[in-house]
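# Structural overview
Each chain, written out:
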Amino acid sequence: MNSEAPKGIAILGAGAVGQLIAHQLAHAGIRPTLLGRDYQPLTEPFGFISLAGEETQQCFDGSGFQGSGFQSSGFQGSGPDADGVASIRLLIVTVKAYQVMDALLPLLPRLSRDCHLLLLHNGLGPHEALIPHLDGRGLTLGTTSQGALRLSKHQLKQTGSGLTQFGHCAGPAMAPELKAALLSAIPGSEWVEAILPALWQKLAVNACINPLTAIHGVCNGELADNAYQATISAVLSELVEVAKTQGIELQEERLSARVYEVIRLTAANRSSMRQDVDHRRKTEIDAINGYLVSLGNRYRIAMPANKALVDAIHALEQRV
Ligand code: KPL
């Protein structure tokens with residue numbers, strides 16, 4: 001490990017995004033710890049196929065954390081910080097939006113007061129529930145459009161490059177060396193002063209593409225067909241109205257241009273929600289269109305187009 005590389009970076013959530021960020025940090029000489037469901041470091045090797053087709057294997061068991069609580073031999077110990085959780089300085093949370101609070105509530109009391117949290121998931125909402133529990137810790141939010149596919153549990157293939165944005169949300173700011181480490185390790189990443197407008201733009205993309213591709217069983221590119229235009233336009237105009245209640249001013253034409261650009265750039269993709277529906281997994285609909293509908297209910301703004309998509313996805317989730 002690069003002796004200048006910051007220590008104490010852990011990732012909670014070993015799905016596609018968590019593994020991708022772990023590989024990108026490791027390639028930059030930073031050895032993150034990838035935590036499993038039981039908050040223990042995952043010790044098995046993880047394979048990665050880069051965009052250039054290069055294959056590598058990495059262990060994310062924190063063995064780069066010499067001198068900290070994260071030592072291979074210390075995982076099963078019985079001391080107060082036997083598993084090294086208290087030595088985490090940056091916890092990158094890459095679980096799905098609906099898992100954030102369940103995953104973090106038991107862990108928060110064990111994290112140091114100096115530990116900074118970074119949430120990286122599709123959709124919006126979990127940060128609002130988390131902020132009252134931070135207890136003086138800092139919170140950064142992020143979004144990524146990098147594409148990655150899990151070929152198996154421990155084998156990831158990067159399928160597309162894309163923009164990754166981070167920005168401060170609450171409490172103390174992220175330490176400059178941690179920020180610099182993230183930005184240098186993740187290709188196409190940037191720090192933005194106002195993260196919420198950036199997250200709303202990503203929400204607009206996901207609110208159109210994800211449910212429509214899942215309901216109609218199509219790849220992203222097929223949404224360029226005129227048949228979907230009226231729904232996309234109605235979803236966006238409701239989103240622009242409800243965003244105003246949060247002090248977020250968006251322009252519908254710009255959002256629409258962005259949605260169609262993503263449809264074109266990711267034409268061959270099966271959206272994450274389509275994959276969830278195909279594999280009969282719970283989807284992120286409640287943090288995407290469902291978040292918009294809940295704001296609409298709170299502020300008495302009619303959201304029929306988004307509500308219809310939420311209902312259709314819930315019906316698909318109910319299939320046995
Ligand atoms: O973020 C995505 C997703 O599938 O969740 C898009 C941008 C729609 C790419 O598929």
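It should be noted that the structure appears before, not after, this text.
Since we're looking at a predicted model, the values are computed, not measured. (Residues numbered from 1 in each chain as written. Predicted model: local features only at pLDDT ≥ 70, side-chain atom pairs only at ≥ 80, totals over all residues. Heavy atoms only, no water.)

### Some remarks on the sheet that holds strand β10 (residues 164-170)
Strand order in the open sheet made by the seven strands is β2-β1-β5-β6-β7-β10-β11, with mixed pairing throughout. Looking at strand neighbours, the two that pair on one side only are β2 (33-35) and β11 (189-191), the edges of this open sheet. Direction aside, the axes of adjacent strands within the sheet are offset by 25° on average. As paired elements, strand β7 (residues 139-144) and β10 share six bridges and run antiparallel to each other. Pairing of Leu139 across the sheet is with Ala170, part of β10. Along the sheet, helix α5 (residues 195-216) makes contact with β7 and β10, crossing β7 at roughly 30°. (Pairing = 2+ DSSP bridges. Helix = DSSP H or I, 4+ residues; strand = E, 2+ residues; numbered from the N terminus. Axes fitted to C-alpha atoms, helices over the stretch in contact; angles between N-to-C directions. Contact = heavy atoms within 4.5 Å.)

### Here's the deal with the pairing of strand β3 (residues 45-49)
Each regular strand carries side chains that alternate between the two faces of the sheet. The buried fraction of β3 amounts to four of the five residues, a majority that puts the element mostly inside the structure. Note: β3 against strand β4 (residues 55-59), five bridges, orientation antiparallel. Its bridge partner being in β4, Ile49 is matched across the sheet by Glu55. Hairpin connection between β3 and β4: a loop of five residues separates the two successive antiparallel strands, and Gly53 in this loop has a positive phi of roughly 90°. Examined bridge by bridge, β3 and strand β9 (residues 155-160) share three bridges and lie parallel to one another. Across the sheet, the residue bridging to Ile49 is Lys157, located in β9. (Buried < 20%, exposed > 50% of the residue type's maximum accessible area, 1.4 Å probe, protein only.)

Honestly, it's all geometry; don't read function into it.
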